[in-house]
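Structural characterization, general
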Amino acid sequence: MSKYETVIGLEVHAELSTETKIFCGCSTKFGEEPNSNVCPICLGMPGTLPVLNKRALELAMKAGLALNCEIADYSKFDRKNYFYPDLPKAYQISQFDLPICKDGYLDITVNGEQKRVRINRIHMEEDAGKLVHSGGEGSLVDINRAGVPLIEIVTEPDISSPEEAKAYLEALKAILQYTDVSDCKMEEGSLRCDANVSIREKGSTEFGTKTEVKNMNSFRAVERALKFEVERQIDEVEAGESIVQETRRWDEGRGITVSMRSKEEAHDYRYFPDPDLVPLAVTEEHVEKVRSEIPELPNEKKQRFMDEFQLSEYDASVITGDKSLAEFFDKCVESYNEPKKVANWVMGEVSRVLNEDQLDIEETNIDSDKMVELLKLENEGTISSKIAKEVFDDMYLTGKSPKAIVEEKGLVQISDTSELEGIIDEVISENPGAVEDYHSGKKKAMGFLVGQIMKKTKGKANPQKVNELLQVKL
């Protein structure tokens, strides 16, 4: 057992789900032509004045309330001064000493144990643009993202392992999605995470020298990067070296963190209040209005699924971990009151295709009506469970209804006794060795014969009837 303990604090940037930018009316739509969603304000032209997007403020407040934060009745915007090619103004509008939210927490569960991660603050800011590097031929600048509203959620250093960090991020993502604060699409940059990592001897109250790890574009990458960085720091200390305070980049291909720049001297961003934006005075009435918009959150939904549908804690956790999947499950159970069966399909075939194609369920051809139709066809005995999976795959690819697929492909289950008896007789006569094995006590031979019958009927035979009839014949 290691004599060291890990100390991790996370900084998560989430793009807010507004239609327009935080200080101007430009669209926030992802994937548009470079530099098409821009105007004099987000380009930082002299003489322009920013105006706060009220919806961005309300989404930041909603995130704070869902994460048990205090909402500040007085906060302000500041200028964070630094030069970078994708920051046209040479300063970023952010919040420094008076953020909109503070002193919150998020409870997580790891290995069956609950832990509380304190949230230091949530502040609003504008995003910077994006540099597109073109292989040694220079870099191009796309300003479309500049001015997109962000919140930065900063934890206290309460996280003690890479596994806890992953659990925190998964829980945080679910809350931001459930509240419609952010779509959290990491592949589009809607959710980004930086981690501050240090180690110290167990029992010590002093923090070790921390490094900041960037460029982690998935929860799996976060867990892998932190594991590597913790081991690297332990190796350095054990070898008698000192940890250098620096920013490191996660190299996914090589599975290592790489030094980017030293942070021995903290950046002096020369913060000062933005003179173009008035301070924010939030009333209690406004806070309560935003609070009333918060829907059933993941932990509440998980408890309801356990109480109302008798799902196990594991099943309920998996399903409620994704907002769209939980809504899909809810809609299916409304029309088909067999929650455990629906849960098995959601966690099985549905999750399989979503994970393979990296899609959310609303981006696919599957909807609750089609899913319920498929489950009813299987329940009524029209199709076997094996055929149901084939129909599901076809439904996922084509968007056709299960009934249409079953009719087109002639997949109706064979339950007619005389038809099945004829097929069973054929299989018995074709496999005398297996029949002899069965009679000599080798019960596995039964399974082989059933398999041959299913093969002959292309999976359409009713398995229960096949077993009953074959038993009699043998």
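Residues numbered from 1 in each chain as written. Predicted model: local features only at pLDDT ≥ 70, side-chain atom pairs only at ≥ 80, totals over all residues. Heavy atoms only, no water.

1. A few points about the domain arrangement of the chain
Interface size is commonly expressed as the accessible area that is lost once the parts come together. Stated formally: Start and end positions for the domains come from either an automated domain assignment or a database one.
Taken domain by domain, the chain consists of domain 1 (4-289), domain 2 (296-409) and domain 3 (417-473). A C-alpha centroid distance of 32 Å is found between domain 2 and domain 3.

2. Focus: the packing of helix α2 (residues 162-178) against helix α3 (residues 219-238)
Inclusion rule: Each axis is a line fitted through C-alpha atoms, taken for helices only over the stretch in contact, and angles between the N-to-C directions span 0 to 180 degrees. Secondary structure follows DSSP: runs of H or I at least 4 residues long count as helices, runs of E at least 2 residues long count as strands, and numbering of each begins at the N terminus. When an angle is under 35 degrees it counts as roughly parallel; over 145 it counts as roughly antiparallel; between 65 and 115 it counts as roughly perpendicular; any other value is oblique. By convention the crossing between two helices is left-handed if the near helix lies anticlockwise of the far one by an angle smaller than a right angle, and right-handed if it lies clockwise. Any two residues whose heavy atoms approach within 4.5 Å at even a single point are treated as in contact. Each residue gets one of three labels, nonpolar for Ala, Val, Leu, Ile, Met, Phe, Trp, Tyr, Cys and Pro, charged for Asp, Glu, Lys and Arg, and polar for the others, Gly among them.
Where α2 meets α3, the axes come as close as 8 Å, and the angle between the chain directions of the two elements is 155°. As far as their axial angle goes, α3 and α2 are roughly antiparallel. Taken as a pair, α2 and α3 cross one another with a handedness that is right-handed. Contacts between α2 and α3 involve P162, E163, A165, K166, L169, E170 and K173 from the first element and F219, V222, E223, L226 and K227 from the second. Counted by class, the contact of α2 with α3 contains six nonpolar, no polar and six charged residues.

3. Remarks on unusual backbone geometry
Note: most residues except glycine have negative phi, and most peptide bonds are trans. The criterion, for reference: Accessible area is worked out with a 1.4 Å probe on protein chains only. A residue is then buried under 20% of its type maximum, exposed over 50%, and partly exposed in between.
The backbone of N111 sits at a positive phi, close to 50°, despite the residue not being glycine. By the element assignment, N111 lies in the loop between β6 (101-110) and β7 (113-126). Given a relative accessible area of 75%, N111 falls into the exposed group. In this structure, D180 takes a positive phi of about 60° despite not being glycine. Looking at the element boundaries, D180 is found in the loop between α2 and β11 (191-201). By relative accessible area, D180 is classed as partly exposed at 44%.

4. Examining the nonpolar core
Using the following cut-off: The term nonpolar core refers to a set of buried residues drawn from Ala, Val, Leu, Ile, Met, Phe, Trp, Tyr and Cys, joined through side-chain atoms within 4.5 Å.
Membership of the largest hydrophobic core comes to 65 residues, with the highest contact counts inside it found for I151, Y168 and L176. It is helix α1 (residues 54-66) that contributes the most residues to this core, eight residues altogether. Ignoring sequence-local partners within four residues, the contact set of L176 consists of A14, A63, I151, I153, V181, S182, C184 and L191.

5. Some points on the sheet that holds strand β5 (residues 91-94)
Worth spelling out the cut-off: In this description, strands pair whenever DSSP reports at least two bridges between them.
Strands sit in the order β5-β4-β15 across an open sheet of three strands; the sheet is antiparallel. Whereas interior strands pair on both sides, the edge strands pair on one side only; in this sheet they are β5 and β15 (272-273). Here four bridges tie strand β4 (residues 78-81) to β5, and the two strands are oriented antiparallel to one another. For N81, the partnering residue across the bridge sits in β5 and is Y91.

6. Re the pattern of salt bridges
Operational definition: Any carboxyl oxygen of Asp or Glu within 4 Å of a side-chain nitrogen of Lys or Arg constitutes a salt bridge here.
Across all of its chains, the model carries 47 salt bridges by this definition. Between K185 and E363 there is a salt bridge whose closest N-O contact spans 3.9 Å. Of this pair, K185 sits in the loop between α2 and β11 while E363 sits in the loop between α8 (339-357) and α9 (368-379); the two residues are 178 residues apart in sequence, bridging distant segments of the chain. Between D330 and R304 there is a salt bridge, with the nearest N and O atoms lying 2.7 Å from each other. Pair noted here: D330 is in helix α7 (residues 323-335) and R304 is in helix α5 (residues 298-309), with a separation of 26 residues, a long-range link. Overlapping salt bridges bring together R55, E58, K62, K289 and E293 as one network.

7. Quick word on the pairing of β6
Judged from the two bridges that link them, strand β2 (residues 70-71) and β6 form a sheet pairing that is antiparallel. Each bridged residue has a counterpart across the sheet, and for I71 the counterpart in β6 is C101. In the sheet, β6 pairs with β7 via nine bridges, with the strands oriented antiparallel. Its bridge partner being in β7, C101 is matched across the sheet by I122. Counting the residues between successive antiparallel strands, the hairpin from β6 to β7 contains two residues, one of them, N111, with a positive phi of roughly 50°.

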